[in-house]
Amino acid sequence: EEFTFTTLELKVNFMRAITVNSGKMTTKTKLIHAGRTTAVIEATLVDLHDKIFAHATSTCLIMKKM
């Protein structure tokens, strides 16, 4: 069974400016809730020293592909 997703809600907090000197970035993601029709996720953008540059949460609608 295939699924597709769309965003119901998105919230992003920007903590620090990203510049050419910020270095390599990575994301840490976490699935908070996965139900039959919705999912809540969280993501944090960090540098190599785990300094947080941005944090986001999203609620997604889960739909079966037809």
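Residues numbered from 1 in each chain as written. Predicted model: local features only at pLDDT ≥ 70, side-chain atom pairs only at ≥ 80, totals over all residues. Heavy atoms only, no water.

## Concerning the overall build of the chain
So, point 1. Across its full length, the chain holds 0 helices and 4 strands.
So, point 2. N-terminal to C-terminal, the α/β element order of the chain is β-β-β-β.
So, point 3. A globule of 66 residues ought to have a C-alpha radius of gyration of about 11 Å, yet the chain, at 15 Å, is considerably larger.
So, point 4. When the backbone C-alpha atoms are referred to their principal axes, the chain occupies close to 45 × 20 × 15 Å. (Helix = DSSP H or I, 4+ residues; strand = E, 2+ residues; numbered from the N terminus. Rg over C-alpha atoms; globule rule 2.2 N^0.38 Å.)

## Brief notes about the confidence of the model for the chain
So, point 1. Here the chain averages 96 in pLDDT, while 100% of its residues score no lower than 70.
So, point 2. Element-level pLDDT for the chain is lowest in strand E1 (residues 3–14), with a mean of 96, against a maximum mean of 98 in strand E3 (residues 38–47). (pLDDT = per-residue confidence, 0-100.)

## Topic: unusual backbone geometry
So, point 1. Non-glycine residue Asp 50 carries a positive phi angle of around 65 degrees.
So, point 2. Along the chain, the position of Asp 50 falls in the loop between E3 and strand E4 (52–64).
So, point 3. Taking relative accessible area as the criterion, Asp 50 reaches 44% and is therefore assigned partly exposed. (Buried < 20%, exposed > 50% of the residue type's maximum accessible area, 1.4 Å probe, protein only.)

## Focus on the sheet that holds strand E2 (residues 25–34)
So, point 1. The sheet built from 4 strands is open, its strands ordered E1-E4-E3-E2 with antiparallel pairing. In the strand order of this sheet, the two ends are held by E1 and E2, each with one partner. Across this sheet, the average inter-strand angle for adjacent strands is 20 degrees, counted without regard to direction.
So, point 2. Direction of pairing for E3 relative to E4: antiparallel, over a ladder of 9 bridges. Across the sheet, residue Val 46 finds its bridge partner in E4, namely Ile 52. (Pairing = 2+ DSSP bridges. Axes fitted to C-alpha atoms, helices over the stretch in contact; angles between N-to-C directions.)

## Details of the pattern of salt bridges
Side chains bearing opposite charge may pair, as long as their charged atoms lie close to each other.
So, point 1. All told, the structure shown has 3 salt bridges when counted by the stated rule.
So, point 2. We note a salt bridge from Glu 2 to Lys 65, for which the minimum N-O separation is 3.7 Å. Taken as a pair, Glu 2 in the segment before E1 and Lys 65 in the segment after E4 lie far apart in primary sequence, 63 residues in all.
So, point 3. By relative accessible area, Glu 2 is classed as exposed at 54%.
So, point 4. Relative accessible area serves as the criterion here: at 48%, Lys 65 is assigned to the partly exposed category.
So, point 5. Note that Asp 50 is salt-bridged to Lys 28, the shortest N-O span being 3.0 Å. Highlighted residues: Asp 50 in the loop between E3 and E4 and Lys 28 in strand E2, separated in sequence by 22 residues. (Salt bridge = Lys/Arg side-chain N within 4 Å of Asp/Glu carboxyl O.)

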